[in-house]
Amino acid sequence: MDLKKVNKDLEAIILKKNELNALTYDHKDYDDVEEELHDLEDDFLDAYGDELEEVLDQVHVKIDADNDVLLPIAYVGSFYKTAGKNADGTHQFDVAEGQGVSIESGKYKSADTRLIFLPNPLRLILTNGKDKKIVVWGEGQ
C-alpha cells in the first residue's frame, strides 16, 4: 500500500468534508459537493479498503477493543479542525471533539475513547478523554 497516496486521498476527503460542512442544505452547490465527497469515499474504499481493514483489525487487537472493525471510511471524521500548513504545503489537521469511531477497550477505560484517521503524516489516532491522543498506527511505525 502506497502510504503517500493514501495520505493524499485522505486529505482530499477531509477537505471535501470540511467544504460540505460549511454549506447549508439549501445551498445551490450542496448536492454537487456531497456527490463529489461520495465519489472520493467510494474510490478510497476501492483502492485501500482491504488493506486498511487489516490495519484496523491489528489495531483493534493491539488496543483490546471489544468492537467489531468497521469499514475504513467510518474512521474518517465528519469534520476536522484545520491547524495550519506543513512546510510542504499540505494541511495540518486536528481532531474535532466527538469525531471518530467510539471504541470500548480493556486498556482504555475512558467513557469517550475513539479511533480516527489523520493525514500529513498519515496516522490512526486513539483519543481517550478530551486531551489524550495516542498514535496507534501510521507512517514511520
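Scroll up to find the structure.
The structure reproduced in this document is the subject of the present report. (Residues numbered from 1 in each chain as written. Predicted model: local features only at pLDDT ≥ 70, side-chain atom pairs only at ≥ 80, totals over all residues. Heavy atoms only, no water.)

## Remarks on a negative patch on the surface
Next, step 1: Residues Asp31, Asp32, Glu35, Asp39, Asp42, Asp43 and Asp46 make up a contiguous surface patch of negative charge.
Next, step 2: Residue placement: Glu35 occurs in helix 2 (residues 30-62). (Patch = residues over 30% accessible without salt bridge, like charges linked within 9 Å, V, L, I, M, F, W, Y side chains within 5 Å. Areas by Shrake-Rupley, 256 points an atom, 1.4 Å probe, with all protein chains shown as cover. Salt bridge = Lys/Arg side-chain N within 4 Å of Asp/Glu carboxyl O. Lys, Arg positive; Asp, Glu negative; His and termini not counted. Charge placed at Lys NZ, Arg CZ, Asp CG, Glu CD. Helix = DSSP H or I, 4+ residues; strand = E, 2+ residues; numbered from the N terminus.)

## A closer look at the packing of aromatic side chains
Next, step 1: For the structure on display, the rule yields five aromatic pairs.
Next, step 2: Aromatic side chains Phe44 and Tyr48 sit 5.2 Å apart centroid to centroid with 65° between the ring planes, which places their arrangement in the edge-to-face category. In this pair, Phe44 and Tyr48 are both assigned in helix 2, four residues apart and thus about one turn of the helix distant. Accessibility assignment for this pair places Phe44 and Tyr48 in one class, buried.
Next, step 3: Between the aromatic rings of Phe117 and Trp137, the centroid separation amounts to 6.3 Å while the plane-to-plane angle is 85°, which identifies the pairing as edge-to-face. Taken together, the positions of Phe117 in strand 4 (residues 113-118) and Trp137 in strand 6 (residues 132-138) put the pair 20 residues apart, joining distant regions of the chain. In terms of burial, Phe117 and Trp137 fall into one category: buried. (Phe/Tyr/Trp six-rings, centres within 6.5 Å; stacked < 30°, edge-to-face > 60°. Buried < 20%, exposed > 50% of the residue type's maximum accessible area, 1.4 Å probe, protein only.)

## What about the nonpolar core?
Next, step 1: Core analysis: the largest hydrophobic core is formed by 35 residues, its most contacted members being Ile63, Leu115 and Phe117.
Next, step 2: Secondary-structure elements contributing two or more residues to this core are helix 1 (3-21), helix 2, strand 2 (91-95), strand 4, strand 5 (123-128) and strand 6.
Next, step 3: With nine residues, helix 2 is the single largest residue contributor to this core.
Next, step 4: Excluding anything up to four places from it in sequence, Phe117 contacts Leu10, Leu52, Leu56, Pro72, Tyr75, Val76, Tyr80, Arg123, Leu124 and Trp137. (Core = buried A, V, L, I, M, F, W, Y, C linked by side-chain atoms within 4.5 Å. Contact = heavy atoms within 4.5 Å.)

## Considerations on helix 1
Next, step 1: Over its 19 residues, helix 1 extends 27 Å from the first C-alpha to the last, a length consistent with the 27 Å expected when each residue adds 1.5 Å.
Next, step 2: Those residues of helix 1 lying buried are Val6, Asn7, Asp9, Leu10, Glu11, Ile13, Ile14, Lys16, Lys17, Asn18 and Leu20.
Next, step 3: Tucked inside the fold, the buried residues of helix 1 contact helix 2, strand 1 (80-85), strand 2 and strand 4.
Next, step 4: Where helix 1 begins, the side chain of Asp2 points an oxygen toward the backbone nitrogen of Lys4, at a separation of 3.1 Å. (Expected span 1.5 Å × (residues − 1). Polar contact = N/O pair within 3.5 Å; in protein donor to acceptor, adjacent residues only side chain to side chain.)

## A look at the environment of Gln58
Next, step 1: In this structure, Gln58 sits in helix 2.
Next, step 2: Judged by relative accessible area, Gln58 falls into the exposed class, the value being 54%.
Next, step 3: In this structure, the C-alpha to C-alpha distance between Gln58 and Val69, residues 11 residues apart in sequence, is 9.6 Å.

## Re the pairing of strand 4
Next, step 1: Of all six residues in strand 4, six are buried; the element is thus mostly enclosed.
Next, step 2: Pairing geometry for strand 3 (residues 101-102) and strand 4, over two bridges, is antiparallel. Paired with Val101 across the bridge in strand 4 is Leu115.
Next, step 3: Two elements, strand 4 and strand 5, share six bridges in a ladder whose sense is antiparallel. Bridge pairing links Thr113 to Asn128 in strand 5.
Next, step 4: In sequence, strand 4 turns back onto strand 5 through a hairpin of four residues, with Asn120 there showing a positive phi of about 60°. (Pairing = 2+ DSSP bridges.)

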